[in-house]
Structure formats: structure tokens, C-alpha cells
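So the chains spell out like this:
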Amino acid sequence: MKVLVCGGAGYVGSHTARELSDRGREVAVFDNLEKGHMSAVPKGAEFYRGDLRDYAAIDRAIAAARPDAVIDFAAYSLVGESVGEPIKYFENNIGGTLNLLKAMISRGVGHIVFSSTAAAYGEPESVPITEDARTLPTNPYGESKLCVEKMLKWIDRAHGLRYSVLRYFNVAGAHVSGEIGEDHEPETHLIPIVLRAALNRAESVTVYGGDYDTPDGTCVRDYIHVTDLADAHILALEDIRKRGVSTTYNLGNGKGFSVLEILGAARKVTGVDIKAVTGPRRAGDPSSLVASSDRIIRELGWQPKLFSLEKIIETAWNWHKNNPDGFKD
């Protein structure tokens, strides 16, 4: 099986491409390198540089790579930025993915795993969140992903394009080898921000909001290790190719950790007294998002292996302390 990974030079995309390659699958990567890194692309993978907003570019890549299936990670994903720049997010996340789907149909590629988000649920009515929960995003990022999910449903009905939608929220950690990890600029994800402070790259960590309706007043999120997430994408792809049935799954630990708990675990792993200050809430941030992964565990046999918070932070720390400046492309 040959898989085209869109956004395969980015954080989650590169780890998934690596897992595919390590398991003997042929891998092609399509990425514009706006956020991704060539150094993160697995050795031996075909690489096509292009932007999903350019239909001709993705059509050429699919024609040249001739994949059996696609896994799509190519999207903007900053919640706060999406609130201020919704057009940017709709144009890229919806318009770009529509180009990808059109090219797949034109070239006869009939299977896709789509990287979605728990932000599609918005402020949940109850936690943990199941796949049948109400979807009411509180920010344009979540809205853009939910819109693509709806597009996939109707395109499947019309053209038989089978899909698996994977909704997850906070991805963290790094490959256990330490060879690839998380490198964004600017960095907005909590764990790498905390670890940068441990490396004296920042004076302190800002905690956005201390008055949420949670046990310690800070936001609660469900953290999943990036390699466990990659494994779920591969299982989902194999399943839709085998059964030919489109699906939607949540992915998470099933347990939430607050910002203050992350800080505590990071201090323990690094041995550094990381300083924190409390700032105002960020627009569009729900108080608590914790996923129920019961469906994918039951139906596909998925089992996260690196699920403890300290292990997740330990792998991330191994990457960051050995690569304080990130990838050196």
C-alpha cells in the first residue's frame, strides 16, 4: 500500500509518515513547508512540494505518486489565530481540502483519513465526549474542520469516497528515538512552551485563565502521545480499505490534565522549577475537553502505549533538550 501524507513534514504528519515507513508502507509526502520541515520527512519517502490551495499542484502530486490512499494533516490549527483571521482558516482548511478531494476523485483514489479535532464539539455538555455528542464549535478552527467532515459525508454518498475522521485535541510528545519532535514557530502548544522555559528560552509560562469551572481553575485537556495518534491513523486507514465503511472516531487518553498539572509533571521530569504567571483567558477556549476513545478501542483494537503524562513529557523533553533550536533545515 502506498500512502500520500498531506502535511507530512509537520508535527503529527511526520510522525505518521515515519510509522508508515517503519511498517513497510510506501510513503509520499505533500507539504508546502510553511510550517513543516524537510528534516522531519522520513528517509526514502517521495516528496512533493505544493499547497492544497493550488489545485494543479495537488493534482500533479497525486498523478505522479499514484497513492492507494491519503492521510490529510494539512491545515492551520491555532485556535486564537482562527478567531482573529477566520477567512484564512476557511480558505485553507476548507478550500484546500476540497481541492484535495476533487483531485482524489479525478484520479480514482478512494480512501482518506482526515485529521479533525475535538474542537468540533465546542463547549461539551458532558465529559468524556463521545462521537455522538453535539457539535457546536466555539472557534473558526473547529468550524472549519467540522465543515470538512460534513463535506466528506456528502462526497462519500455521491462518489463513494470512503473516509475515517479522527477527532483529537492536544497532541504531545516526540518519537522515542528522539530523531523527530515538535517544532513550531511561533510555538503555541503548552508542553513545548513549558519545556522551552525549562531550557531558559523563556522567563516564565503564561497560564491563560485561572477561573475556569475546573478543579484548579485552569483549562483541562486530554493529551495523547503523537506516536499513539499515528498508530490510530494507520489502523483507521487499514479498516476503511478492508471494510469500505466510513467512520468517525475520537482519540484521547480518556483522562484530562489541567495546565497546572502539566506544569507540575514538567517540573518533575526536567528537574527545573519552571515559573508560571496567570494571564487572561484566550478567546474560544472551552474549559474542559476530554475524549472517550471507547469506540476505536472496541472496533479497531487501538491501544495507546505511551499514555502516562510523565512519559509523554519525558519523550518531548528528550527531543527539546537535544534540539533546543528545533530542526536545522
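The model shown is predicted, which means the values in this text are computed figures rather than measured ones.

Definitions and limits used
- Residues numbered from 1 in each chain as written.
- Predicted model: local features only at pLDDT ≥ 70, side-chain atom pairs only at ≥ 80, totals over all residues.
- Heavy atoms only, no water.
- 1 Å grid on protein atoms, 1.4 Å probe; cavity = no way out; pocket = protein on both sides within 12 Å on 5 of 7 lines; lining within 4 Å.
- Points joined across faces, edges and corners; volume = space filled by probe spheres on them.
- Nonpolar A, V, L, I, M, F, W, Y, C, P; charged D, E, K, R; others polar.
- Axes fitted to C-alpha atoms, helices over the stretch in contact; angles between N-to-C directions.
- Helix = DSSP H or I, 4+ residues; strand = E, 2+ residues; numbered from the N terminus.
- Parallel < 35°, antiparallel > 145°, perpendicular 65-115°, else oblique.
- Left-handed = near helix turned anticlockwise from the far one by under 90°.
- Contact = heavy atoms within 4.5 Å.
- Pairing = 2+ DSSP bridges.
- Buried < 20%, exposed > 50% of the residue type's maximum accessible area, 1.4 Å probe, protein only.
- Lys, Arg positive; Asp, Glu negative; His and termini not counted.
- Salt bridge = Lys/Arg side-chain N within 4 Å of Asp/Glu carboxyl O.
- Polar contact = N/O pair within 3.5 Å; in protein donor to acceptor, adjacent residues only side chain to side chain.
- Core = buried A, V, L, I, M, F, W, Y, C linked by side-chain atoms within 4.5 Å.
- Right-handed = clockwise from strand over helix to strand, strands pointing away.

Peer 1: What is the right way to look at the layout of surface pockets in this model?
Peer 2: Over the atoms rolls a probe the size of a water molecule, and in doing so it shows where empty space is left. As a volume, the second largest pocket reaches approximately 150 Å³. In this structure, the second largest pocket is lined by Arg18, Ser21, Asp22, Ser39, Ala40, Val41, Pro42, Lys43, Glu179 and Ile180. Taken together, the residues that form the lining of the second largest pocket break down as 4 nonpolar, 2 polar and 4 charged.

Peer 1: Can you help me understand the packing of helix 4 (residues 86-107) against helix 5 (residues 140-159) in this one?
Peer 2: When two helices pack together, their arrangement is given by the angle between the helix axes and the distance between those axes. Where helix 4 meets helix 5, the closest approach of the two axes is 9 Å, and the angle between their N-to-C directions is 20°. Taken together, the axes of helix 4 and helix 5 lie roughly parallel to each other. Here the hand of the crossing between helix 4 and helix 5 comes out right-handed. Of the residues in helix 5, those in contact with Pro86, Tyr89, Phe90, Asn93, Ile94, Thr97, Leu98, Leu101 and Ile105 of helix 4 are Pro140, Tyr141, Glu143, Ser144, Cys147, Val148, Met151, Leu152, Ile155 and His159. The class makeup of the residues in the contact of helix 4 with helix 5 is 14 nonpolar, 4 polar and 1 charged.

Peer 1: I'm lost on the sheet that holds strand 4 (residues 69-72) in this one. Help?
Peer 2: Spatially, 3-2-1-4-5-6-10 is the arrangement adopted by the 7 strands of the open sheet, whose pairing is parallel. If you trace the sheet from one side to the other, it starts and ends with strand 3 (46-49) and strand 10 (247-250), each paired once. Strand-to-strand, the axes of this sheet are offset by a mean angle of 20°, without reference to chain direction. Note that strand 6 (residues 162-168) and strand 10 share 4 bridges and pair parallel. The residue bridging Val165 from the neighbouring strand is Thr248, located in strand 10. Its contacts with the sheet place helix 4 against strand 1 (2-6), strand 4 and strand 5 (111-117), and it is angled at close to 170° to strand 5.

Peer 1: Would you take a moment to explain the side chain of Glu182 for this structure?
Peer 2: Looking at the element boundaries, Glu182 is found in the loop between strand 7 (170-172) and helix 6 (190-198). We note that Glu182 is buried and unpaired, the nearest opposite charge coming from Arg196 at a distance of 8.7 Å. Polar side-chain contacts of Glu182 include one of 3.4 Å to the side chain of His184. With residues up to four places along the chain from it excluded, the contact list for Glu182 reads Tyr11, Val171, Glu187, His189, Pro192, Trp319 and His320.

Peer 1: Mind showing me how you'd approach the environment of Pro215 here?
Peer 2: Here Pro215 is to be found in the loop between strand 8 (205-208) and strand 9 (220-225). Judged by relative accessible area, Pro215 falls into the exposed class, the value being 87%. Here the alpha-carbon distance between Pro215 and Gly80, two residues 135 residues apart in the chain, equals 24 Å.

Peer 1: What exactly am I supposed to notice about the packing of helix 8 (residues 259-270) against helix 10 (residues 309-322) here?
Peer 2: Remark: helix 8 packs on helix 10, axes separated minimally by 9 Å, with the N-to-C direction vectors making an angle of 60°. Viewed along their axes, helix 8 and helix 10 adopt a mutual orientation that is oblique. Read as a crossing pair, helix 8 and helix 10 show a hand that is right-handed. Each of Glu261, Ile262, Ala265, Ala266, Lys268, Val269 and Thr270 in helix 8 lies in contact with helix 10, whose residues at this interface are Leu309, Glu310, Ile313, Glu314 and Trp317. Of the residues contributing to the contact of helix 8 with helix 10, the split by class is 7 nonpolar, 1 polar and 4 charged.

Peer 1: How should the nonpolar core be read in this particular structure?
Peer 2: The tendency in soluble globular proteins is for nonpolar side chains to be buried as a group. With 32 residues, the main nonpolar core has Val12, Tyr168, Val171 and Leu251 as its most contacted residues. Mapped onto this core, the elements with two or more residues apiece are strand 1, helix 1 (11-22), strand 2 (26-31), strand 4, strand 6, helix 7 (226-243) and helix 9 (294-300). The element that contributes the greatest number of residues to this core is helix 7, accounting for 7 residues. Discounting chain neighbours no more than four positions away, the residues touching Leu251 are Leu166, Arg167, Tyr168, Ile224, Leu229, Ala232, Ala291, Ser293, Ile296 and Trp302.

Peer 1: What should I look at first to understand the pairing of strand 1 in this one?
Peer 2: It is a general feature of regular strands that their side chains alternate between the two faces of the sheet. Taken across its 5 residues, strand 1 has 5 buried, putting it largely inside the fold. Where strand 1 lies against strand 2, 5 bridges are found, and the strand directions are parallel. Bridge pairing links Lys2 to Glu26 in strand 2. Taking the sense of rotation as the criterion, the β-α-β connection linking strand 1, helix 1 and strand 2 turns out right-handed.

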